[in-house]
Each structure stands twice: as structure tokens, then as C-alpha cells.
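Survey of secondary and tertiary structure
Next come the chains, spelled out residue by residue.
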Amino acid sequence: AQSVTQLDSQVPVFEEAPVELRCNYSSSVSVYLFWYVQYPNQGLQLLLKYLSGSTLVKGINGFEAEFNKSQTSFHLRKPSVHISDTAEYFCAVSGSMREGAQKLVFGQGTRLTINP
Amino acid sequence: NAGVTQTPKFQVLKTGQSMTLQCAQDMNHEYMSWYRQDPGMGLRLIHYSVGAGITDQGEVPNGYNVSRSTTEDFPLRLLSAAPSQTSVYFCASANHRRGNTEAFFGQGTRLTVV
């Protein structure tokens, strides 16, 4: 079975500073990897996904993530954050490549707070 | 372009009551799922469906029923509500074709059981 660990429950940073949100996963099969963002009182929106190919994945709003198979990690980064990036971020893995995104296993979430 | 629509947005139930959370998608996706979100636990899969007439259990299925009579709709039924079912519920639909896959989420239903 798959599992996902987000290593930080809360990350406070100042505006225009860089940020990294850490995600490690465990799986006995190859999986797809996702980062979702949840703004207050809203649903989840896809930031980016790793399906195959280049291990550096670029997403929306200037975010990117790097897939590291040997370390089973998929950390999310942004070089300069804005107040509007304040949200909760979730890392997720698929059940298997055959199952795709129909069955996602989520991490506990990281609350990113941007201070002026 | 509605995507995934959930109703109601908020609901308060008394212990023992039953209710149905509605979910509809207009993207012709085969796959639909229900998750619950609890603080510090992320989202956990309740039930999912790979097509009309086919459903299966996820990680936390107890106390919930689902059915899928059409591609568009995937209602979640609480048979006898308990305080432990107080949570935010998200419905999702997913595509999975030619090596591409993505899940789309509704806005959520915040349920309180008193």
C-alpha cells in the first residue's frame, strides 16, 4: 500500500522569500505524483503532476517540483512567494499507474503562511 | 463549465439521521470518488467508482453507501449519522487516458453531526 508523509505541518515565510514544501512517499509499485492546493473554504486545485519523463515538473502560479526516485521524494518549491500563496498544500500519490488518479493517497497537508 | 458540483455546501445532522450528499460531473469521466478531510489527516478515500454500476470501498467506508446509476452522478449516503462523521466531504472525478491522469474536485460539503 502507498503512503505519503509531508514533513512539515506548518511553514511560515516572508513575502518574496523562497519556499520548499517537503513530501516523501512509500510505494512498492510505480506511481503518479501530484501536488494540490486548497485555498480557504474551497476545493482542491491541481498545482502540478509527475507522470513520466523529466523529473523537474513545472506547474501553475510559479511552482515546480522535483521527483527523486532514489529518495522517494517529490518536494514542491517556489523561488519567490506572494501573499496570495497562503493556503494548504497536499501531496498525493496514485494507487498505481493502472489506477491513475481515481484512487489518491494524500499526505497530511502543509499550511503555508506568507507574512508581509 | 461546471466541472464537479456538490450539494449541499453545509449540513447539520442529528445523531442517527440519514442523508445523501450529491455529486455530479459534466466532464464524462469514468472515475468518481468520495473523500473526507479531517484536520491533520489529509484526505482519505471513502468509496470510488470506475464506471456506472461499479463501486468499491476505499480506506474508510464504514457508515457510508454509494451507488452509480449514471456516468454523471455519484451520491454518498450516510445511513445513521454519528459525531465521528463530522468532516468536510469532497467528491472527485478523474480521467485516465493515454498515460494522462488527473482528478478534479468539487467545492466540498461541510457536515456537522450533533
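Look a little higher up for the structure.
For the structure given in this document, a descriptive report is provided here. Being a predicted model, the structure only gives us computed values, none of them experimental. (Residues numbered from 1 in each chain as written. Chains lettered and ligands numbered in written order. Predicted model: local features only at pLDDT ≥ 70, side-chain atom pairs only at ≥ 80, totals over all residues. Heavy atoms only, no water.)

1. Quick look at the packing of aromatic side chains
- According to the stated counting rule, one finds 11 aromatic pairs over all chains in the structure shown.
- An angle of 45° between the planes, with centres 5.5 Å apart, marks the rings of F63 of chain A and Y89 of chain A as tilted. One end of the pair, F63 of chain A, is in the loop between β7 (56–58) and β8 (64–68); the other, Y89 of chain A, is in strand β10 (residues 87–94), with 26 residues separating them in the sequence. For the pair shown, F63 of chain A and Y89 of chain A are each scored as buried.
- Each ring, one from F106 of chain A and one from F105 of chain B, has its centre 6.1 Å from the other, and the planes form 75°; the classification is edge-to-face. Residue F106 of chain A is located in strand β11 (residues 104–106), and its partner F105 of chain B is located in strand β10 (residues 100–105); the two belong to separate chains. By the burial criterion, F106 of chain A is buried, and F105 of chain B matches it. (Phe/Tyr/Trp six-rings, centres within 6.5 Å; stacked < 30°, edge-to-face > 60°. Helix = DSSP H or I, 4+ residues; strand = E, 2+ residues; numbered from the N terminus. Buried < 20%, exposed > 50% of the residue type's maximum accessible area, 1.4 Å probe, protein only.)

2. Observations concerning the sheet that holds strand β8 (residues 76–78) of chain B
Residues and elements named next belong to chain B.
- With antiparallel pairing, the four strands of this open sheet are ordered in space as β1-β3-β8-β7. Whereas interior strands pair on both sides, the edge strands pair on one side only; in this sheet they are β1 (4–7) and β7 (64–66). For this sheet the average axis-to-axis angle between neighbouring strands, irrespective of direction, equals 20°.
- Inspection of the sheet shows strand β3 (residues 19–25) paired to β8 by three bridges, in the antiparallel sense. Bridge pairing links L21 to L76 in β8. (Pairing = 2+ DSSP bridges. Axes fitted to C-alpha atoms, helices over the stretch in contact; angles between N-to-C directions.)

3. Here's the deal with the nonpolar core
- Judged by nonpolar contacts, the single largest core of 28 residues is most densely connected at W35, L48, L76 and Y89 of chain A.
- One finds Y32, Y36 and F106 of chain A together with F90 of chain B within the second-largest nonpolar core, a separate group that totals 22 residues. (Core = buried A, V, L, I, M, F, W, Y, C linked by side-chain atoms within 4.5 Å.)

4. A short note on the environment of V57 of chain A
- Mapping V57 of chain A onto the fold places it in strand β7.
- If we ignore the near neighbours within four places in the chain, the residues touching V57 of chain A are L48, K49, Y50, F63, E64 and A65 of chain A. (Contact = heavy atoms within 4.5 Å.)

5. Quick word on the interface of chain A and chain B
- Contact with chain A, which involves 23 residues of that partner, is made by 23 residues of chain B.
- Between chain A and chain B the total buried area reaches about 1,800 Å² when both faces are included, carbon and sulfur atoms providing 53% of it.
- In terms of surface lost to chain B, no three residues of chain A exceed L44, Q102 and F106 of chain A, which account for 30% of the buried area on that side.
- Run the count over chain A and chain B and you get one salt bridge.
- A salt bridge links E102 of chain B to K49 of chain A; the nearest nitrogen and oxygen atoms lie 3.5 Å apart.
- Here chain A is connected to chain B by eight residue pairs in polar contact (both at pLDDT 80 or more).
- If you list the elements that add at least two residues to the side of chain A that touches chain B, you get β5 (33–38), β6 (44–50) and β11 of chain A. (Buried area = accessible area lost by both parts, 1.4 Å probe. Salt bridge = Lys/Arg side-chain N within 4 Å of Asp/Glu carboxyl O. Polar contact = N/O pair within 3.5 Å; in protein donor to acceptor, adjacent residues only side chain to side chain.)

6. Examining unusual backbone geometry
- Geometrically, the link from T7 of chain B to P8 of chain B is a cis peptide bond, its omega value of -5° lying close to zero.
- Assignment of secondary structure puts P8 of chain B in the loop between β1 and β2 (10–13).
- Backbone geometry places N41 of chain A, a non-glycine residue, at a positive phi of 60°.
- Within the fold, N41 of chain A resides in the loop between β5 and β6.
- What makes N41 of chain A exposed here is its relative accessible area of 71%.
- Backbone geometry places N28 of chain B, a non-glycine residue, at a positive phi of 60°.

7. Some words on the pattern of salt bridges
Residue and element names in this part refer to chain A.
- In total, this model carries nine salt bridges over all chains according to the counting rule given.
- The closest approach of N and O atoms between K58 and E64, which form a salt bridge, is 2.8 Å.
- In this structure, R77 and E66 form a salt bridge, with 3.6 Å as the shortest nitrogen-oxygen distance. Of this pair, R77 sits in strand β9 (residues 73–78) while E66 sits in strand β8, and the two are 11 residues apart along the sequence.

8. Some words on the side chain of H29 of chain B
Residues and elements named next belong to chain B.
- Checked against the element boundaries, H29 lands in the loop between β3 and β4 (31–37).
- By relative accessible area, H29 is classed as buried at 4%.
- Those residues within four positions of H29 in sequence are excluded, and the remaining contacts are R68, T71, S93, A94, N95 and F104.

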